[in-house]
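# Summary of structural features
What follows is the residue order along each chain.
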Amino acid sequence: LSGDNEETTRWVAKELNLNQYLAKASPFEKANFIKNLQNKNSKVIMVGDGINDGPALSQANISISMGTGTDLAISASDITIVKGDIEKVLLFLLLSKRTMSIIRQNLFLSFIYNTLCIPLAAGLFQPLLGWSFPPLFASLAMGLSSLSVVLNSLRIKKGLTI
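In this report, the structure presented in the accompanying data block is examined. (Residues numbered from 1 in each chain as written. Predicted model: local features only at pLDDT ≥ 70, side-chain atom pairs only at ≥ 80, totals over all residues. Heavy atoms only, no water.)

## Describing the pattern of salt bridges
Heads up, the rule is: Criterion for a salt bridge: a side-chain nitrogen of Lys or Arg within 4 Å of a carboxyl oxygen of Asp or Glu. Secondary structure is summarised from DSSP: a helix means a run of H or I of at least four residues, a strand means a run of E of at least two, and numbering begins at the N terminus for each. Exposure is judged per residue with a 1.4 Å probe applied to protein chains only, and the accessible area is read against the type maximum: over 50% gives exposed, under 20% gives buried, and values in between give partly exposed.
Taken as a whole and judged by the stated rule, the model has 1 salt bridge. Lys-30 serves as the salt-bridge partner of Asp-53, at 2.7 Å between the closest nitrogen and oxygen. Here Lys-30 lies in helix α2 (residues 27-39) and Asp-53 lies in the loop between β1 (45-48) and α3 (54-59), a separation of 23 residues in the sequence. Residues Asp-53 and Lys-30 agree in their burial class; the two are buried.

## Some remarks on a nonpolar patch on the surface
For the record, the criterion: Exposure above 30% relative accessible area and the lack of any salt bridge qualify a residue for a patch; like charges then connect within 9 Å, and the nonpolar side chains Val, Leu, Ile, Met, Phe, Trp and Tyr within 5 Å. Areas reported as accessible are Shrake-Rupley estimates using a 1.4 Å probe. Residue values count occlusion only from the protein chains shown.
A surface patch of nonpolar side chains, about 700 Å² in accessible area, is lined by Phe-137, Leu-140, Leu-144, Leu-147, Val-150, Leu-151 and Leu-154. Summarising the element assignment, Phe-137 is placed in helix α7 (residues 135-153). According to the relative accessible area criterion, Phe-137 is partly exposed, its value standing at 46%.

## Let's talk about unusual backbone geometry
Backbone geometry places Asn-17, a non-glycine residue, at a positive phi of 60 degrees. Mapped onto the elements of the fold, Asn-17 is located in the loop between α1 (6-15) and α2. Classification of Asn-17 by relative accessible area gives exposed; the value is 70%. Its identity as a non-glycine residue notwithstanding, Asn-41 has a phi of 65 degrees, on the positive side.

## Some points on the layout of surface pockets
Convention followed: Only protein atoms enter the 1 Å grid used here, on which a cavity is any set of points holding a 1.4 Å probe that cannot leave and a pocket is any open set flanked by protein within 12 Å on both sides along at least five of seven lines; residues with an atom within 4 Å of a point are listed as lining. Grid points are joined across faces, edges and corners, and a volume is the space filled by probe spheres set on the points. In this count, Pro and Cys sit with the nonpolar residues alongside Ala, Val, Leu, Ile, Met, Phe, Trp and Tyr, while Asp, Glu, Lys and Arg are called charged and the others, Gly among them, polar.
Volume-wise, the largest pocket comes out at about 1200 Å³. Residue lining of the largest pocket: 33 residues in total, with Leu-1, Val-12, Leu-16, Leu-18 and Val-47 positioned closest to the centre. Class assignment for the residues of the lining of the largest pocket results in 18 nonpolar, 10 polar and 5 charged.

## Description of the sheet that holds β1
To summarise the sheet geometry, strands pair through backbone hydrogen bonds and adopt either a parallel or an antiparallel arrangement. Test applied: Two strands qualify as a pair provided DSSP detects at least 2 bridges between them. Under this scheme, a helix contributes an axis fitted over its contacting stretch, all axes are lines through C-alpha atoms, and angles between N-to-C directions fall in the 0 to 180 degree range.
Within the open sheet, the 3 strands sit side by side as β1-β2-β3. Their pairing is parallel. The two strands at the open ends of the sheet, each matched to only one other strand, are β1 and β3 (79-81). Neighbouring strand axes in the sheet, compared pairwise and without regard to direction, differ in orientation by 20 degrees on average. Two elements, strand β2 (residues 62-66) and β3, share 3 bridges in a ladder whose sense is parallel. Bridging from a neighbouring strand, Ile-64 pairs with Ile-79 of β3.

## Overview of the nonpolar core
A general tendency of soluble globular proteins is for nonpolar side chains to be buried together. Worth spelling out the cut-off: As used in this record, nonpolar core signifies buried Ala, Val, Leu, Ile, Met, Phe, Trp, Tyr and Cys residues forming a set joined through side-chain atoms within 4.5 Å. Should any heavy atoms of two residues lie within 4.5 Å, those residues are considered in contact.
Core analysis: the biggest nonpolar cluster contains 8 residues, these being Ile-34, Val-44, Met-46, Ala-56, Leu-57, Ala-60, Ala-73 and Ala-76. Within the residue set of this core, elements represented by two or more residues are α3 and α4 (71-76). With residues up to four places along the chain from it excluded, the contact list for Met-46 reads Ile-34, Asp-53, Ala-56, Leu-57, Ala-60, Ile-62, Ser-63 and Ile-64.

## Description of the side chain of Lys-30
Spelled out, the test is: Polar contacts, as counted here, are pairs of nitrogen or oxygen atoms within 3.5 Å of one another; within protein the pair requires one atom able to donate a hydrogen and one able to accept it, and residues that are adjacent in sequence qualify only if both atoms are side-chain atoms.
Its relative accessible area of 3% is what places Lys-30 among the buried residues. Side-chain polar atoms of Lys-30 contact the side chain of Asp-53, separated by 2.7 Å. Sequence-distant contacts of Lys-30, that is, excluding residues within four places in its chain, are made with Leu-1, Ser-2, Gly-3, Ala-25, Asn-52, Asp-53 and Ala-56.

## Points about the environment of Ser-145
Position of Ser-145 relative to the elements: it lies in helix α7. On a C-alpha basis, the gap between Ser-145 and Ser-110 in space is 7.1 Å, while along the polypeptide they are 35 residues apart.

Below you can see the structure in the form of structure tokens.
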């Protein structure tokens with residue numbers, strides 16, 4: 001979606017390997033285009049930097065502005081790429097996916113840990129299996145659980161550079 005002329009928009013679309021584009025679009029045409037995509041159950045990310053992108057940025061599910069853009073675009077967006085480097089959009093998407101993956105791992109680890117250790121610390125396995133978990137070890141285990149979540153979370157940014 002661009003307010004630029006047909007030739008420039010076609011060139012950019014070709015460079016990005018896009019088979020659909022809209023040139024000479026007004027701010028409201030951009031917003032309506034996004035709304036139509038959303039009505040078809042699509043999730044839309046809009047990247048913009050100008051005043052004409054404000055309505056579309058507001059309409060999108062996730063909006064990204066360039067820090068070098070207008071104040072309106074920055075205030076209408078969810079995320080601002082400070083230096084205005086468009087390649088950072090890809091880094092943001094990769095980082096978001098990796099973050100969600102790590103969150104799921106942490107929830108799984110915590111669930112498994114708590115499912116096993118809390119009954120053990122409460123002495124529920126004592127009558128059945130003869131297992132017990134002294135309070136000192138239970139407190140140490142809880143600390144290790146928190147530490148494992150923190151250490152796993154530190155892996156989020158590992159290997160993500162453009």
